[in-house]
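Each chain is listed here by its residues.
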Amino acid sequence: MKRRVPLTRRAVGVLIAAGVCLIFARGIGSPELLAAAGLLVALVAASFGAVYLERPSLRVDRTTRPDLVAVGGRISVEVTIAETSALPHVHTEWKDRVPAGLAGSAEGTLPSTGVAGIGSRRRTAEYTVTALRRGEHDLGPLGLTVSDPFGLVVRRRDVGGTHAVVVLPEVVVLPEIPALTASRDGSTRPSSLHVGAGEDDIIARPYLPGDAIRRLHWRASAHHGELMVRQEEQRNDPEATVLLDTAAAHWAWPDDDPSYLPAFEQAVSLAASITAHLVDADYRVNLVGAGTEELSREISARSAAGGLRSSPVGDMGDALARGGQHLEEDDLDAALLDLALLRPSVRPDRFLDLSPVIAARRSQPVIAILGDVEEGDLGELTAVAHLSPLPVALLPAGARRRSIELLESAGWRCHVGERGASFQALWSGTSGPATTTLAPPSTGRGGRGGQGGRRGAGGAYVRR
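Residues numbered from 1 in each chain as written. Predicted model: local features only at pLDDT ≥ 70, side-chain atom pairs only at ≥ 80, totals over all residues. Heavy atoms only, no water.

**Section: helix α9 (residues 401-409)**
Regarding α9, the residues found buried are Ser 403, Ile 404, Leu 406 and Leu 407. For α9, the angular spread of the buried residues around the axis is 165 degrees, confining them to a single face. On its buried face, α9 is in contact with α8 (378-387), β18 (391-395) and β19 (413-416). Immediately downstream of α9, the backbone of Gly 411 shows phi near 105 degrees, a positive value. (Buried < 20%, exposed > 50% of the residue type's maximum accessible area, 1.4 Å probe, protein only. Helix = DSSP H or I, 4+ residues; strand = E, 2+ residues; numbered from the N terminus. Arc of directions from axis to C-beta. Contact = heavy atoms within 4.5 Å.)

This is the structure:
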């Protein structure tokens, strides 16, 4: 924020007046005009020295409320400037740098520091920003434009450091579907899956009219002195895997900014929504990133009451400073924080490294959120599909038909988002019969051949 000419228009006017006085002083031989010219020049020089030669001590502190928000949330920022200076500054403009992932006006004028005197003076400014993109965004440094008491000279400089703000992916509420959802107490499970079921517990209850005689529990009847019936109650500790394709090449359109892939951002939000939904339904969820070591976490069902998903999110400043160490390893909040900081992988040789999922050898539903996979990616995808009783692949609108055919041949139930459709519509489709697509074929994807099209309008899972 440097300025080549530090003089204001007022200072230029004063110098012009000094020049005029000097010319007339020489013309008419007036010592009073000569003194006036010297006084005006001295005033500008003194103002310059007051602003540029003084070295005030400045400290900038930022406080954000809340420390964590989801996409679309608002953050209040309070900037406190502590200054130690021997001279007053009556006019100080400020402008905080707001990164691309946040939106808001962060500029204004600070009040005067008051009467000159050595000592610390504190001034405060506030503004509000809206979270546009998930991830970690740095506010600052703070740009200050300081002027002398006469408003003749200005000095612009950046002070203070940056302040990190973490934006979580948007989590939307998904409807319950029979194929994957349990009741809150775990008592209702579709008998066709028995996914991740625990051992059966045999308990006894009093005999009721209509109970089969063959179910009588004779030992319990003798112990209780009345007829008892054998009842098998299943202990349910179901598991599911949410698999997120992190390969940047599978989500990029030819006209996308390499630093921001809208389709990938939508995929992350969908992964967060499905993970939260399953945890709320008492599933233990294995969240895995295909092609990255940065996303591999098991979330227990007991973490469903976490606080980060609420709006606004609770205070997390200390936790972020410690890298989230206060969070439990199996906590849903920790998983959402992982997703917030996840970046697409640019290492094609590591795409679809699903060895952790395959090695677990778990018979459980696998919900894979995939981009445009290639034939070379099918090896481990096929192995995962054969392990799972319910392998579901969710693909964005505009996914190539060839990708869908490859996945179906590997054993996946493919569901493709319809343009303009919501996450809820795509998720609800997973309870229906296996189908190639939930949307009509699209046309003309540029750059890689096959299906695609132009940017979608307002869809929650649309290739943009």
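**Things to note about the packing of aromatic side chains**
Within this structure, the stated rule accounts for 3 aromatic pairs. Plain terms: the ring middles of Phe 48 and Tyr 52 are 4.8 Å apart, the flat faces sit at 10 degrees to each other, and that makes the pair stacked. Linking Phe 48 with Tyr 52, this pair stays in helix α2 (residues 31-53), spanning 4 residues, or about one helical turn. Relative accessible area serves as the criterion here: at 35%, Phe 48 is assigned to the partly exposed category. The cationic tip of Arg 133 hangs over the ring face of Tyr 260; the distance from NZ or CZ to the ring centre is 3.7 Å. (Phe/Tyr/Trp six-rings, centres within 6.5 Å; stacked < 30°, edge-to-face > 60°. Lys NZ or Arg CZ within 6 Å of the ring centre and 35° of its normal.)

**Here's the deal with the sheet that holds strand β2 (residues 68-70)**
Two modes of strand pairing occur in sheets, parallel and antiparallel, and in both the strands are linked by backbone hydrogen bonds. Read across the sheet, 3 strands follow the order β2-β11-β8 without closing on themselves; strand pairing throughout is mixed. Each having just a single partner strand, β2 and β8 (135-139) make up the two edges of the open sheet. Across this sheet, the average inter-strand angle for adjacent strands is 35 degrees, counted without regard to direction. Running over the sheet, helix α6 (residues 332-341) touches β2, β8 and β11 (163-168) and is turned about 110 degrees from β11. (Pairing = 2+ DSSP bridges. Axes fitted to C-alpha atoms, helices over the stretch in contact; angles between N-to-C directions.)

**A short note on the sheet that holds β19**
Read across the open sheet, the 6 strands follow the order β16-β15-β14-β17-β18-β19; overall the sheet is mixed. The two strands at the open ends of the sheet, each matched to only one other strand, are β16 (296-299) and β19. Neighbour-to-neighbour, the strand axes of the sheet open up by a mean angle of 15 degrees, direction not taken into account. Examined bridge by bridge, strand β15 (residues 284-290) and β16 share 4 bridges and lie antiparallel to one another. Bridge pairing in β16 places Val 288 opposite Ser 296. Sheet contacts for α6: β14 (239-245), β15 and β16; angle to β16, the most-contacted strand, approximately 155 degrees.

**Observations concerning the UniProt feature "transmembrane region" (unreviewed entry) in the chain**
Mapped onto the present numbering, the UniProt feature "transmembrane region" (unreviewed entry) falls at residues 12-28 and 34-53. Annotated as 100% helix and 0% strand, the span residues 12-28 places its first and last C-alpha atoms 24 Å apart. Taken end to end, residues 34-53 comprises 100% helix and 0% strand; its first and last C-alpha atoms sit 27 Å apart. (UniProt positions renumbered as here; feature names shortened; annotations may be inferred.)

**A closer look at the environment of Trp 412**
Along the chain, Trp 412 falls in the loop between α9 and β19. With a relative accessible area of 3%, Trp 412 lands in the buried category. Spatially, the C-alpha atom of Trp 412 lies 9.5 Å from that of Val 366, the residues being 46 residues apart in sequence. Apart from residues no more than four positions distant in its own chain, Trp 412 is found in contact with Val 366, Ala 368, Leu 381, Val 384, Ala 385, Pro 391, Val 392, Ala 393 and Leu 407. Within polar-contact distance, the side chain of Trp 412 engages the backbone oxygen of Leu 381 at 3.1 Å. (Polar contact = N/O pair within 3.5 Å; in protein donor to acceptor, adjacent residues only side chain to side chain.)

**Points about the nonpolar core**
Core analysis: the biggest nonpolar cluster contains 43 residues, and Val 242, Leu 244, Ile 274, Leu 278, Leu 339 and Ile 369 have the highest contact counts within it. Counting residues per element, the ones that place at least two in this core are β11, β14, α4 (262-280), β15, α6, β17 (366-369), β18 and α10 (423-428). For this core, the leading source of residues is α4, giving 11 residues. Setting aside its immediate chain neighbours within four residues, Val 242 contacts Ala 271, Ile 274, Thr 275, Leu 278, Val 285, Asn 286, Leu 287, Val 288, Ile 367 and Ile 369. Core analysis: the next-biggest nonpolar cluster, separate from the first, contains 22 residues, Val 288, Ala 290, Leu 406 and Trp 412 among them. (Core = buried A, V, L, I, M, F, W, Y, C linked by side-chain atoms within 4.5 Å.)

**Points about the confidence of the model for the chain**
Confidence in the prediction of the chain, expressed as mean pLDDT, is 75, and 69% of residues score 70 or more. Confidence, read as mean pLDDT per element, is least for helix α5 (residues 317-321) in the chain (42) and greatest for strand β5 (residues 102-103) (95). Contacts of residues 181-201 to residues separated by more than four positions or lying in other chains number 47 contacts, the stretch itself having pLDDT below 50. Note that residues 434-464 has pLDDT below 50 and, in this model, 110 contacts with residues that lie over four places away or in other chains. (pLDDT = per-residue confidence, 0-100.)

**Here we look at the environment of Leu 168**
On the secondary structure map, Leu 168 appears in strand β11. Overall, the relative accessible area of 2% leaves Leu 168 in the buried class.

**Quick word on the environment of Val 242**
Structurally, Val 242 is set in strand β14. Separated by 44 residues in sequence, Val 242 and Asn 286 have C-alpha atoms that sit 6.1 Å apart.

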